[in-house]
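Residue-level structural notes
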Amino acid sequence: MTSAGGPRRQAGNLPEEDSSFVGRGDEVTLGKRTLSQARLLTVTGPPGVGKSRVGLRVAAQVRRRFPDGVWLVGLAGLDDPALLPHTVLETLGVGDYSLRRPIDSLAEYLAYRRLLLVLDNCEHLVHECATLATALLKTAPGLRILITSRHLLGAEGEHVVTVPPLPVPDDTGALPLEAVLASASVELFTARAKVLVPGFTVDAANCHAVAAICRRLEGLPLALELAAKWLRTMSVEQILTGLRNWPEQDEVPDQGARVARYHETLRASFDWSFELCSPAERTLWARASVFAADFDLESAEAVCSDDAVPQEDVLELVVSLLDKSVLSRRDRAGWTRYRLLDRPAGTVRGGLPSPVTPTACAAAIATTTGGCPSGRKRSGSAPGRRTGTSACAANTPTCGRRWSSASPRPARSARG
């Protein structure tokens with residue numbers, strides 16, 4: 001490595017990848033293409049989905065476009081918003097700036113440089129990062145900024161790449177081994193497992209258990225990596241049993257207690273997302289948790305509204321939760337539906353408001369939709385849309401998840 005000077009500045013400070021990169025080809029390609037046209041890119045997604053990995057891969061692959069370097073500023077541990085400009089200055093290695101406002105020093109330093117600034121884990125500093133990005137982009141024409149955050153900045157000119165969970169094997173019974181191995185979530189689980197247990201393979205004997213683990217963890221990379229660590233002391237089947245037993249029973253076997261540790265990491269991560277929501281967003285989040293699967297807007301308006309959350313506010317809150325990666329959107333046959341990403345079940349328990357009770361759900365559905373949980377009266381079904389009970393099954397509320405306002409909040413240690 002050369003001494004501190006021009007060449008080192010051009011190289012930036014991107015870390016080397018310390019593990020294999022699995023999947024995400026579409027997201028990385030889109031990110032590279034977007035950065036060639038836009039100056040502010042936000043890579044967003046739910047906790048544990050791998051936003052930072054995707055962002056850093058994009059940054060590494062566009063490094064040659066920036067002769068003054070690609071610079072990573074990690075913000076996960078920054079709790080004082082006022083120190084954001086100082087943190088960026090220190091990362092860039094700017095000298096004494098004590099006699100000027102940090103933002104002015106930063107703007108002057110970047111004014112004539114072609115540089116990519118990567119601000120990683122910005123969700124707790126959304127307003128400050130938006131303000132900083134807007135100010136710097138106005139004064140530094142050669143600057144590009146890449147953000148990773150669960151929440152969108154909402155800044156002018158912001159472009160977005162959304163990172164979804166990895167695809168999981170279909171739950172269609174006895175899948176052939178080739179179909180299981182083709183899943184990106186299985187590929188990630190296997191890659192991490194081989195590092196810890198040399199010689200580990202997914203074969204005909206264990207492929208269905210591995211596929212079930214990936215489905216149970218809904219393709220979240222953080223969850224898959226944490227689960228793979230237990231292969232040093234447990235079999236695939238034991239891990240799956242532990243996942244199924246936790247947190248549905250109070251007394252879990254040894255393997256359930258071990259696997260429960262990864263839940264604590266995910267709880268901390270999702271709990272951090274919860275803390276960053278407004279009171280109204282938290283309420284809608286809790287109430288939407290009663291849906292067994294995905295749901296539409298009219299169902300949310302029927303089930304989740306009351307005097308505290310007026311029906312006319314539900315759409316805006318749904319949009320807010322989409323922007324914060326709490327909800328995901330899917331379009332089917334011309335209809336938009338939403339789904340909570342607080343998976344695996346039981347990972348978000350501390351501090352959530354009590355969800356709507358089954359009685360309240362039934363009453364809201366019956367009053368608003370004529371008894372159809374899908375949020376549409378059966379007489380008004382769209383062409384080609386199933387009607388009756390089967391059409392409503394995905395929207396049927398369930399109170400099988402345990403939310404306990406008395407449960408302690410996990411420490412804010414896992415942001416992703």
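Everything below is about the structure shown above.
The structure reproduced in this document is the subject of the present report. In this text the structure is predicted, and so the values were computed from the model without any measurement.

Parameters at a glance
Residues numbered from 1 in each chain as written. Predicted model: local features only at pLDDT ≥ 70, side-chain atom pairs only at ≥ 80, totals over all residues. Heavy atoms only, no water. Helix = DSSP H or I, 4+ residues; strand = E, 2+ residues; numbered from the N terminus. Buried < 20%, exposed > 50% of the residue type's maximum accessible area, 1.4 Å probe, protein only. Areas by Shrake-Rupley, 256 points an atom, 1.4 Å probe, with all protein chains shown as cover. Phe/Tyr/Trp six-rings, centres within 6.5 Å; stacked < 30°, edge-to-face > 60°. Core = buried A, V, L, I, M, F, W, Y, C linked by side-chain atoms within 4.5 Å. Pairing = 2+ DSSP bridges. 1 Å grid on protein atoms, 1.4 Å probe; cavity = no way out; pocket = protein on both sides within 12 Å on 5 of 7 lines; lining within 4 Å. Points joined across faces, edges and corners; volume = space filled by probe spheres on them. Nonpolar A, V, L, I, M, F, W, Y, C, P; charged D, E, K, R; others polar. Contact = heavy atoms within 4.5 Å. Axes fitted to C-alpha atoms, helices over the stretch in contact; angles between N-to-C directions. Parallel < 35°, antiparallel > 145°, perpendicular 65-115°, else oblique. Salt bridge = Lys/Arg side-chain N within 4 Å of Asp/Glu carboxyl O.

It is worth spelling out the overall build of the protein chain at this point. Along the protein chain, the regular secondary structure elements total 17 helices and seven strands. Across the 416 residues in the protein chain, those meeting the buried criterion constitute 51%. Carbon together with sulfur atoms contributes 51% to the accessible area of the protein chain, which is approximately 18900 Å² in total.

Turning to the packing of aromatic side chains, a few remarks are in order. Inspection of every chain in the model, using the stated rule, returns two aromatic pairs. Seen in terms of ring centroids, Phe-189 and Phe-200 are 6.4 Å apart; in terms of plane orientation they differ by 70 degrees. Their pairing is edge-to-face. Within this pair, whereas Phe-189 is found in helix 8 (residues 184–196), its partner Phe-200 is found in the loop between helix 8 and helix 9 (207–216), the two being separated by 11 residues in sequence. Relative accessible area serves as the criterion here: at 0%, Phe-189 is assigned to the buried category.

Once that is clear, we can look at the nonpolar core. Membership of the largest hydrophobic core comes to 50 residues, with the highest contact counts inside it found for Leu-116, Leu-146, Phe-189, Ile-213 and Ile-239. Take this core: its biggest share by element is seven residues, from helix 9. By size, the runner-up hydrophobic cluster in this structure holds 31 residues, among which are Trp-71, Leu-78, Leu-89 and Cys-122.

In this section: the pairing of strand 3 (residues 115–120). Summarising burial for strand 3: six of the six residues are buried, a large majority. By the bridge criterion, five bridges tie strand 2 (residues 70–74) to strand 3 in an arrangement that is parallel. By the bridge assignment for strand 3, Val-73 is matched with Leu-119. Pairing of strand 3 with strand 4 (residues 143–148) involves six bridges; the strand directions are parallel. Paired with Leu-116 across the bridge in strand 4 is Arg-144.

With that settled, consider the layout of surface pockets. Looking at the largest pocket, its volume works out to about 840 Å³. Contributing to the lining of the largest pocket are 34 residues, with Asp-18, Ser-19, Arg-53, Arg-192 and Glu-225 lying nearest its centre. Of all the secondary-structure elements, those providing two or more residues to the lining of the largest pocket are helix 3 (51–61), helix 8 and helix 10 (221–229). Considering only residue class, the lining of the largest pocket consists of 15 nonpolar, seven polar and 12 charged.

A few words now on the environment of Arg-65. Relative to the elements of secondary structure, Arg-65 occurs in the loop between helix 3 and strand 2. A C-alpha to C-alpha distance of 9.1 Å links Arg-65 and Ser-36, two positions 29 residues apart in sequence. The residues touching Arg-65, leaving out its near neighbours within four places in the chain, are Lys-32, Leu-35, Ser-36 and Arg-114.

A word on the packing of helix 13 (residues 279–288) against helix 15 (residues 314–323). Interaxial distance between helix 13 and helix 15 falls to 10 Å at its minimum, and their mutual angle equals 90 degrees. Taken as axis vectors, helix 13 and helix 15 run roughly perpendicular relative to one another. When helix 13 is examined against helix 15, the residues Ala-280, Glu-281, Leu-284 and Trp-285 are found in contact with a partner set consisting of Val-314, Leu-317, Val-318, Ser-320 and Leu-321. For the contact of helix 13 with helix 15, a count of residues per class yields seven nonpolar, one polar and one charged.

On to the pattern of salt bridges. For the structure on display, the rule yields nine salt bridges. A salt bridge links Arg-57 to Glu-17, with the shortest nitrogen-to-oxygen separation between them at 2.8 Å. Taken together, the positions of Arg-57 in helix 3 and Glu-17 in the loop between helix 1 (6–11) and helix 2 (25–37) put the pair 40 residues apart, joining distant regions of the chain. With relative accessibility at 37%, the residue Glu-17 sits in the partly exposed group. With a shortest N-O distance of 2.0 Å, Arg-100 and Glu-108 are connected by a salt bridge. Via salt bridges that share partners, Glu-17, Arg-53 and Arg-57 belong to a single interconnected network.

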